[in-house]
Amino acid sequence: MSSPAGPAVAPAPSPAPSGREKRRPQLATDSDLRTSQCIQLKSVDLNHVIRLLEDSNSNNEEERQLEMLKKVMKQYETGLPLKDLAQIFKILNLCAEKIQDQEAFIEPTCEILKLCGLPFLKKKLSDEVNYTPITLESIAQLGYLMRVPSSQVRIQICKCIISFYHAEPPNKQLAGFHSTSANYKIQMAELGGLAETLVLSLALVENQLVEKLWVLKALQHLSTSGVNCKLMMKAQAASRICSHLNDADPSGQLLFRSSEILWNLLENMSKEEIVNQLSNLECIYPLKEVFVNLLMHGFRHYDRQLRNDLLVIATLIAENPGAPMIESGFTKQLILLATFSEVKSHNPLVRGLKITYSYEDFELKKLLFNMVAVLVKDLCAVPLLNEGKVVLALFHYVKPNEKPGVHDWSAAQYEELQLHAIATLASVAPLLVDDYMTCQGNTRLLMFLEWCVGQDPFFGQGNCFHGAGGRGNKLAQMRYSLRVLRPVVSLYDEAVNLDLCDQGAINQLLDILKHIANKSKEKEDAIVLEIQTDILLILSTLCENDLHRKELFGCEGVDILIPFMKMDPNKLYSGLGHNRLLFSTLDSLWCCVMGCYIAEDYFLKKEGIFLLLDLLALKQKNICNLILGILVEFCDNSKTASHINTWRGKKDQTAASLLIHLWKQEELELGVKHDQDGRIVDAKKPLVGNLQEQQGVIPMPANCPSIAIMEVSENMRAKIYSVLCKLGFENLPGLSAKDFVTLAVIRRYLDFKVGEVWSEICAELKEETFRPVTPDEEALNVISEASENVGKMVATLQTEMLESQQHQELQEEEKVYSKIHAIHKQREMVNKSWEDFLTRTSNYEALKKAKRLQEKSIEASRSKSRPQNATLHSTEIKGLNTTIASGRLVTVESTPSELIGGPLADTDLACRKLSVRGGALKKIKGVKVLDPFKKDSVSVK
């Protein structure tokens, strides 16, 4: 196999010869000594060398050609300038072409390749950019030169490429030149596609071990770059390298370097692409062979590490469903290796094999468990897992480590293996239920859970991935044991679940929940929440559709559920798992409490309905549907309706108001057409939303539910209707007029839904151009008309409700205005009375006039007919000009005693003698009748 020749490069013009002048010898100066390391570039006409090499007419030219090549090498012994690269590589290609016929050119070719390994030289900083195209083509030529049938040349090419990554500056430098940057060659190799060409050259050295090792070493360096890895993938590098892993190599370098390249490809490229290249028998067979060989005969630390690395690669291949792992026999061998130390086997592969307690073998054990967890995803591997007794081997670790010793795993290692085995068992057990029951899986798990909540001294290390949150406790063991139990119970295998319940699993799980709840008061983390969630889900599965088990759950279970329902709503977004815990709580309520009257009544007694409505009031879309379903079931209990009607939420919201609000929110999301007051717009389609209308009618088989039927289970309207039906549509408290408008639609939900289904039937018939017989057509028309009439009737009723509400609001407004008018009138009367009072107290004539009017009024109010012989006594006090009723005891607060000169013995006299001795009278507040014991009083005669 030969690679195409490199791209032709135009020769660079030769430098113009410069004249020589004779100079006198001079003494060396200090500056000359400082620059003694720099040498002058002795000009060699490279174009002349190229022409000389191209001239192949005479064999006598060989010595001359070799002599000129020596001069070229001497000239550039400190490095190749970028400006001369094109001509140098032209010379290199010409030498390579002559090697096949003239072996004398091998040495100069290798020498020039050595020069290519030195840093390139530049005069200006911009040379690296200016000469980039030439450098790219030149470095790409190195890969194409692998076609040269010379081992020395090929090895030197690889050494040259490796030197890109370990470049050392030369001891001497050409005057006026500087080395390019350290990564310049590496970047040019990436852009020039050298890695791809080198991968293709593996086919040329397939049978030459030394050359192959050098190529792999070069690829090992190139594969550290993501760009090179992409180029290598194009050349199928993973497949080419893996298929030769088992080639003979006494030094072991081939396996080491090949595995390193594969790892670099996996790290720098998409794992899926690499695995797809490796998922064939040509790659899996060599991988299996070298892995088993290292497992059986490897004794060094390095061998064990390499073995584990290969097992990781095999695990990645096994994750690909299309990989022929079973066909290659690798799967069966890996299962045997994963279980032979726990389950005795007479297979010759493991007869003399022994796993030590070194760190590498500890890692091997974990990798084998991980491999089992990967293999179980392929159902075709399940019979092999059954044959290998994987379940029995994994149950070996479902027990406390009773005797940790020197000749065994350490406590931390055993804990990590234990948790890893139990985690693997969670994947295997549901697929091998018969093996699970044969191993008495339920009994082992319940006993292990009992140990987890026991008071035995145990100090978990919690250092491994599976041991998160388990430092100093047994929570990690409990967590993974429940992970095994949950999928097994979820199979609804009656034999498994009956065996579990007969062993008292329900009471034991409730006790664990209590134990965990007490611990969670101190610290609540994701591990504790996961344990609680798993236990509730297991209980839900066990108690569903079994009254006896619900009775076992009973009041004790209700007492556990109530605190979970009281959790802070803000925790639902904490990310720790409170939302899953709430879902599992509601699921347990539905499966473990509903249908058991004792548990239902106790739940009602604990005000559980109030808690459900509190959760419903949060209006979380993901839990509302579940809560409404629970309420529908609970309403079968006659005591539930009173609890629902009694509940009050924020701002004194009632349950009926909450349900109607949820209905409005649901229809808003569905895009159901209503006017601004909530009235029906389309009497023919009062429940149809935008999405359902856009989908139109799709003819469906008779056994497939139509869109109108499927819509019932996709939203909450049917459940809201069912709850309100249980509560009754009359006398619902706390509803506004618009709520009653929506309630009118809810009340007719079932009629509207029936009409919608009939409309859908008519539309399907029309879509299929099918005309029913006349009686059927008339019946369909009558049904459609009746459904439309119901919609119009409800729309009319809604309008009447709104008008009645508007009329009521107007009446209430008038009452308010009347009240305001009366208040204003009263204020005016008070103000007028005060003004009259001020007038009487400040104007004596006005006071006398008021007195006369009062006396006339009093006289007019008296009876005109007088009985005979009756003695009439006057009630008036003569000379008293006051307009208030006078009693026997009065207190004058407005007139100071210093103004009137003492008690009022004679009113007329007092008025006549009144003198202003301190100014005018300030203000008269009135005369008040008081208790004689509280104020000084004067007698009025």
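Reading the values: rules and limits
Residues numbered from 1 in each chain as written. Predicted model: local features only at pLDDT ≥ 70, side-chain atom pairs only at ≥ 80, totals over all residues. Heavy atoms only, no water. Axes fitted to C-alpha atoms, helices over the stretch in contact; angles between N-to-C directions. Helix = DSSP H or I, 4+ residues; strand = E, 2+ residues; numbered from the N terminus. Parallel < 35°, antiparallel > 145°, perpendicular 65-115°, else oblique. Left-handed = near helix turned anticlockwise from the far one by under 90°. Contact = heavy atoms within 4.5 Å. Expected span 1.5 Å × (residues − 1). Buried < 20%, exposed > 50% of the residue type's maximum accessible area, 1.4 Å probe, protein only. Nonpolar A, V, L, I, M, F, W, Y, C, P; charged D, E, K, R; others polar.

In this section: the packing of helix 28 (residues 526–543) against helix 30 (residues 578–593). Put simply, helix 28 and helix 30 touch, their axes get as near as 8 Å, and they point 20° apart. Considered as vectors, helix 28 and helix 30 are oriented roughly parallel to each other. Crossing angle aside, the handedness with which helix 28 passes helix 30 is left-handed. The segment helix 28 lies against helix 30, with L529, Q532, T533, L536, L537, L539, S540 and C543 engaging H578, R580, L581, S584, T585, D587, S588, C591 and C592.

Next up on the list: unusual backbone geometry. With a phi angle near 60°, Q236 is a residue other than glycine that sits in the positive phi range. Here Q236 lies in the loop between helix 12 (226–234) and helix 13 (237–242). Positive phi, close to 55°, is recorded for Y492, a residue that is not glycine. Structurally, Y492 can be placed in the loop between helix 25 (475–489) and helix 26 (494–502).

With that settled, consider helix 25. An ideal rise of 1.5 Å per residue puts 21 Å on 15 residues; helix 25 measures up with 21 Å between its terminal C-alpha atoms. The buried fraction of helix 25 is high, at 12 of 15 residues. All buried positions along helix 25 are accounted for by L475, A476, Q477, M478, R479, Y480, S481, L482, V484, L485, V488 and V489.

Let us now look at the packing of helix 35 (residues 655–670) against helix 38 (residues 717–727). Relative to each other, helix 35 and helix 38 sit at 160°, their axes nearing to 10 Å. The orientation of helix 35 relative to helix 38 falls into the category roughly antiparallel. For the element pair helix 35 and helix 38, the recorded crossing hand is left-handed. Side by side, helix 35 and helix 38 meet where L659, L662, W663, E666, E667 and L670 of the first sit next to R717, I720, V723, L724 and L727 of the second. For the contact of helix 35 with helix 38, the residue count by class is 8 nonpolar, no polar and 3 charged.

The next point concerns helix 9 (residues 184–192). In an α-helix, one full turn covers 3.6 residues, which means residues spaced three or four apart are oriented alike. The set of residues buried in helix 9 consists of Y184, K185, I186, M188, A189 and E190. In this structure, the buried residues of helix 9 make contact with helix 5 (106–116), helix 6 (127–130), helix 7 (132–144), helix 10 (194–200) and helix 12. Immediately downstream of helix 9, the backbone of G193 shows phi near 75°, a positive value.

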